[in-house]
Amino acid sequence: MALLEVNNITVIFAGLRALSAVCFEVNAGQICAVIGPNGAGKSTLFNVITGYATPTEGNVFFNGRSVIGRSPHAIASAGVRRTFQNGGVFGEMTVLENVLTGLDQLTPSRPLELLFNFPRSVNAERSAVREARSMLEFMGLAEHADKVTGDLSSGQQRMVEITRAIAARARLLLLDEPAVGLSVIERERLATVLRNLASEGIAVLLIEHQIDLVMDVSDRIVVLNYGEVIAEDTPEKIRSHEAVLEAYLGHT
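The notes below deal with the structure included here. (Residues numbered from 1 in each chain as written. Predicted model: local features only at pLDDT ≥ 70, side-chain atom pairs only at ≥ 80, totals over all residues. Heavy atoms only, no water.)

1. Concerning the overall build of the protein
When helices and strands are tallied, the protein shows 10 helices and 10 strands. With respect to the three principal axes, the spread of C-alpha positions in the protein is 65 × 40 × 35 Å. In the protein, which comprises 252 residues, the share counted as buried stands at 47%. Both charge centroids of the protein, one from 22 positive and one from 29 negative side chains, sit 6 Å from each other. (Helix = DSSP H or I, 4+ residues; strand = E, 2+ residues; numbered from the N terminus. Buried < 20%, exposed > 50% of the residue type's maximum accessible area, 1.4 Å probe, protein only. Lys, Arg positive; Asp, Glu negative; His and termini not counted. Charge placed at Lys NZ, Arg CZ, Asp CG, Glu CD.)

This is the structure:
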């Protein structure tokens, strides 16, 4: 059974068909990219999967259970995490504190217990800090742990956001244009991180305009155009797909 199943998703906003009968699956440990021109429906698709939009028709299953009608918080708690196109870090907090917010649901402590130094809560908080620092090491951000996030470059802030999502132990990670603002070296690091995540069984659904990155890391690619899937295949097949070249790359 696929970890994520998107079945005939159609979304109509005020008469405009944003998505039309979209179907595809993503398995655990698989990297699947969703590409297409601006306005093709990619972000709308992400919003449906994560509970920020309700489809007109169709269903989405995560781990065999429908997510339609569930809140974004409930879907995130079930193991689906995402980043956003315009970023979403807390600029006034340190890098470490940002990552700790992603671990909040995994830390069974209460403010009053911490105030009075209850051993259970103190130990849980210390464990969370160790976990957060370990994740920052994994992402190559350990040296920035105690820096204010707003002082970092846009690319580094993007990596902090991804780290926070990963830290929550997501089983499915949705990344909306994660390479925006990243340098060549940072994109190479991102590619390595994505492969490492997949090797640990995490499924990654990726919206990205950096075609070289998409072709390098993806197992499957879904191509949207005007809200419809016009191709779904391996990077090798997509690279030479006539409809994709015409609609997305602008030539045949």
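2. Focus on helix α6 (residues 154-167)
Relative to the 20 Å expected for 14 residues at 1.5 Å per residue, α6 spans 20 Å between its end C-alpha atoms, a close match to the ideal helical length. Of all the 14 residues making up α6, 12 are buried; the element is thus mostly covered by neighbouring parts of the structure. All of the buried residues in α6 are Gly155, Gln156, Arg158, Met159, Val160, Glu161, Ile162, Thr163, Arg164, Ala165, Ile166 and Ala167. Where α6 terminates, the next one or two residues include Arg169, which has phi positive at roughly 60°. (Expected span 1.5 Å × (residues − 1).)

3. So, the environment of His209
Here His209 shows up in the loop between β8 (203-207) and α8 (211-217). Through-space distance from the C-alpha of His209 to that of Pro178 is 9.5 Å; in sequence the pair is 31 residues apart. Within the structure, the side chain of His209 is placed 3.5 Å from the side chain of Asn38, a separation counted as a polar contact. (Polar contact = N/O pair within 3.5 Å; in protein donor to acceptor, adjacent residues only side chain to side chain.)

4. Examining the state of the cysteines
The tally for this structure, following the rule as stated, stands at zero disulfides. Here Cys23 stays unpaired: no disulfide links it, and the sulfur of Cys32, its closest cysteine neighbor, is 13 Å away. In this structure Cys23 comes out as partly exposed when scored by relative accessible area, which is 33%. Residue class for Cys32 comes out buried when judged on its relative accessible area of 0%. (Disulfide = S-S within 2.5 Å.)

5. Notes on the nonpolar core
Core analysis: the biggest nonpolar cluster contains 43 residues, and Ile166, Leu190, Leu194 and Ile221 have the highest contact counts within it. Aside from chain neighbours lying at most four places away, what touches Leu194 is Ile31, Leu175, Val204 and Val217. Of all hydrophobic cores here, the second largest spans 30 residues; its members include Val48, Phe62, Val80 and Leu224. (Core = buried A, V, L, I, M, F, W, Y, C linked by side-chain atoms within 4.5 Å. Contact = heavy atoms within 4.5 Å.)

6. As for the environment of Glu125
When you line up the elements, Glu125 lands in helix α5 (residues 119-138). Assessed through its relative accessible area of 29%, Glu125 is described here as partly exposed.

7. Considerations on the pattern of salt bridges
Under the counting rule described, the total for this entry stands at six salt bridges. Arg133 is the salt-bridge partner of Asp146, the closest N and O atoms lying 3.3 Å from each other. Remark: Arg133 occurs in helix α5 and Asp146 occurs in the loop between α5 and α6; sequence separation between them is 13 residues. A residue is classified by how much of its surface remains accessible, and Asp146, at 57% relative accessible area, is exposed. (Salt bridge = Lys/Arg side-chain N within 4 Å of Asp/Glu carboxyl O.)

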